[in-house]
Amino acid sequence: MPRSGSGPASCPALFLAFAASLLGGCVLWPTWHWAKAGASDADYARDELTCKQLVYTTADGMVTQAQVRRMHLCLESKGWHKAED
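Residues numbered from 1 in each chain as written. Predicted model: local features only at pLDDT ≥ 70, side-chain atom pairs only at ≥ 80, totals over all residues. Heavy atoms only, no water.

1. Examining helix H3 (residues 65-77)
Put simply, the test is: Under the DSSP-based scheme used, a helix requires at least four consecutive residues in state H or I and a strand at least two consecutive residues in state E, with every element numbered from the N terminus. The length a helix should cover is 1.5 Å for every residue beyond the first. Per-residue accessibility, obtained with a 1.4 Å probe over protein chains only, is compared with the maximum for each type, and a residue is labelled buried under 20%, exposed over 50%, and partly exposed between these values. The arc in question is the one spanned by the directions pointing from the helix axis to the C-beta atoms.
In a regular helix each residue adds 1.5 Å, so 13 residues correspond to 18 Å; H3 covers 18 Å between its end C-alpha atoms and thus fits that length. Among the residues of H3, those classed as buried are Gln 67, Met 71, His 72, Cys 74 and Leu 75. Down the axis of H3, the sector holding all buried residues measures 160°, keeping them to one side. In H3, the exposed positions that point more than 90 degrees away from the buried face belong to Gln 65, Arg 69, Leu 73 and Ser 77.

Given below as structure tokens:
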């Protein structure tokens, strides 16, 4: 026989926090992708690697907003653009 007060119903705040964290992850997922007319996945992989090597030169593992902007500018300079999913 289950103990009284056990299970998800006894911890509504914990359950709601867990559910909100699951839903919150969807909000952070990008709604776009990089596209370039006539380009293949291999083309993107090559251009992405080139841009990463140019932009992310530090080895500390931290990525700044400025680096992300430079990465986007680098890909755009190679003909890539953001396309809606």
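Now that the structure has been shown, we can carry on.
2. Quick word on the pattern of salt bridges
The test is simple: Within this document, salt bridges are pairs made up of a side-chain nitrogen of Lys or Arg and a carboxyl oxygen of Asp or Glu, the two lying within 4 Å of each other.
Here the structure, examined in full by the defined rule, presents 4 salt bridges. Measuring nitrogen to oxygen at the nearest pair gives 3.8 Å for the salt bridge that ties Asp 47 to Lys 36. Here Lys 36 lies in the loop between strand S1 (32-35) and helix H2 (41-55) and Asp 47 lies in helix H2, a separation of 11 residues in the sequence. Overall, Lys 36 belongs to the partly exposed group, its relative accessible area being 29%. Glu 48 is the salt-bridge partner of Lys 52, the closest N and O atoms lying 3.6 Å from each other.

3. Observations regarding H2
Since one α-helical turn is 3.6 residues long, residues separated by three or four positions face the same way. The criterion, for reference: Every residue pair with non-hydrogen atoms within 4.5 Å of one another is taken to be in contact.
Between its first and last C-alpha atoms H2 spans 21 Å; for 15 residues at 1.5 Å apiece the expected length is 21 Å, and the two agree. Every buried residue of H2 is listed here: Asp 47, Cys 51 and Val 55. Buried residues along H2 cover an arc of 65° about the axis, so they all sit on one side. Of the exposed residues in H2, those oriented more than 90 degrees away from the buried face are Asp 41, Ala 42 and Gln 53. Buried positions along H2 lie against H3.

4. Quick word on the state of the cysteines
To be explicit about the condition: Here, the term disulfide refers to a pair of cysteine sulfur atoms separated by no more than 2.5 Å.
This structure, assessed with the given rule, holds 1 disulfide. A sulfur-sulfur separation of 2.1 Å characterises the disulfide bridge that pairs Cys 51 with Cys 74. Linking Cys 51 and Cys 74, the disulfide has an S-S dihedral of approximately -80° and is accordingly described as left-handed. In this pair, Cys 51 sits in helix H2 while Cys 74 sits in helix H3, placing the two residues 23 residues apart along the sequence. On the basis of relative accessible area, Cys 51 is assigned to the buried category, the value being 0%. The exposure class of Cys 74 is buried, given its relative accessible area of 11%.

5. A word on the packing of H2 against H3
Short version of the rule: Orientation is described by axes fitted as lines to C-alpha atoms, over the contacting stretch for helices, and by angles from 0 to 180 degrees between their N-to-C directions. Oblique is the label for every angle not falling under 35 degrees (roughly parallel), over 145 degrees (roughly antiparallel), or within 65 to 115 degrees (roughly perpendicular). For any pair of crossing helices, the crossing counts as left-handed if the nearer helix is rotated counterclockwise from the farther one by less than a right angle, and right-handed if it is rotated clockwise. The nonpolar class holds Ala, Val, Leu, Ile, Met, Phe, Trp, Tyr, Cys and Pro. Asp, Glu, Lys and Arg form the charged class, and all remaining residues, Gly among them, are polar.
Their axes nearest at 9 Å, the elements H2 and H3 cross at an angle of 140°. Accordingly, the angle class assigned to the pair H2 and H3 is oblique. The handedness of the crossing between H2 and H3 comes out as right-handed. Taken together, the residues of H3 that come into contact with H2 (itself represented by Tyr 44, Asp 47, Glu 48, Cys 51, Lys 52, Leu 54 and Val 55) are Gln 67, Arg 70, Met 71, Cys 74 and Leu 75. Its residues assigned to classes, the contact of H2 with H3 comprises 7 nonpolar, 1 polar and 4 charged.

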